[in-house]
Amino acid sequence: MGQWLQNVQFTVSWSLPLLALILVWLCRYSHDQVAKVVSERLFYAVLLFLAGITLRTVAVNDPAWLLHTTSLGVMVVGGIVPFTLEPQLDSSDEAMLSS
């Protein structure tokens, strides 16, 4: 029974960070407007839930605290990083490049 409980705890501790990474990827690369809205709503819901879980794991000194803290950081950075890495040019930059 002890080994089964350890397997369940391991699976549960990794499932939320994996869901978070999948949602970051879906938010970034979904092109359909409906899918984008749904994935963004799920992303924010999981972000709030993961923040609460992270606070709990740190407060009770759970062994999965580092995993949850790292995945929370990845979600925050994934939500902030720009969609494209191509530089955005405004009208003054385009005028300088054309002359």
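Structure: above.
Cut-offs used in this document
Residues numbered from 1 in each chain as written. Predicted model: local features only at pLDDT ≥ 70, side-chain atom pairs only at ≥ 80, totals over all residues. Heavy atoms only, no water. Helix = DSSP H or I, 4+ residues; strand = E, 2+ residues; numbered from the N terminus. Expected span 1.5 Å × (residues − 1). Buried < 20%, exposed > 50% of the residue type's maximum accessible area, 1.4 Å probe, protein only. Contact = heavy atoms within 4.5 Å. Salt bridge = Lys/Arg side-chain N within 4 Å of Asp/Glu carboxyl O. Core = buried A, V, L, I, M, F, W, Y, C linked by side-chain atoms within 4.5 Å. Phe/Tyr/Trp six-rings, centres within 6.5 Å; stacked < 30°, edge-to-face > 60°.

Novice: Kindly report on helix α2 (residues 33-59), identifying the contributing residues and their values.
Specialist: Helix length check: α2 (27 residues) gives 39 Å between terminal C-alpha atoms against 39 Å at 1.5 Å per residue, within 8%. Among the residues of α2, those classed as buried are Lys36, Ser39, Phe43, Val46, Leu47, Leu50, Thr54 and Thr57. Summarising the contacts, the buried residues of α2 are in contact with α1 (2-29) and α3 (65-80). Asn61 occupies a position one or two residues after α2 and carries a positive phi of about 55°.

Novice: Could you give an account of the pattern of salt bridges, with specific residues and numbers?
Specialist: One pass over the full model with this rule turns up 1 salt bridge. A salt bridge links Asp62 to Arg56; the nearest nitrogen and oxygen atoms lie 3.8 Å apart.

Novice: Can you break down the nonpolar core residue by residue, with the values?
Specialist: Counting 11 residues, the largest nonpolar core consists of Leu16, Ala20, Leu23, Val24, Cys27, Phe43, Val46, Leu47, Leu50, Leu72 and Met75. Only α1, α2 and α3 provide two or more residues apiece to this core. If you tally residues by element for this core, the top one is α1, at 5 residues. In contact with Leu16, other than residues within four places in its own chain, are Val46, Phe49, Leu50 and Ile53.

Novice: Describe in detail the packing of aromatic side chains, supporting the description with residues and values.
Specialist: If you walk through the whole model with that rule in mind, you get 2 aromatic pairs. Each ring, one from Trp25 and one from Tyr29, has its centre 6.0 Å from the other, and the planes form 45°; the classification is tilted. Of this pair, Trp25 and Tyr29 both sit in helix α1, 4 residues apart, roughly one helical turn. For the residue pair Trp25 and Tyr29, the accessibility class agrees, reading exposed in each case. For the ring pair Phe43 and Tyr44, a centre distance of 5.3 Å and an interplane angle of 70° mean the geometry is edge-to-face.

Interpretation note: all reported values are geometric properties and have no functional meaning in isolation.
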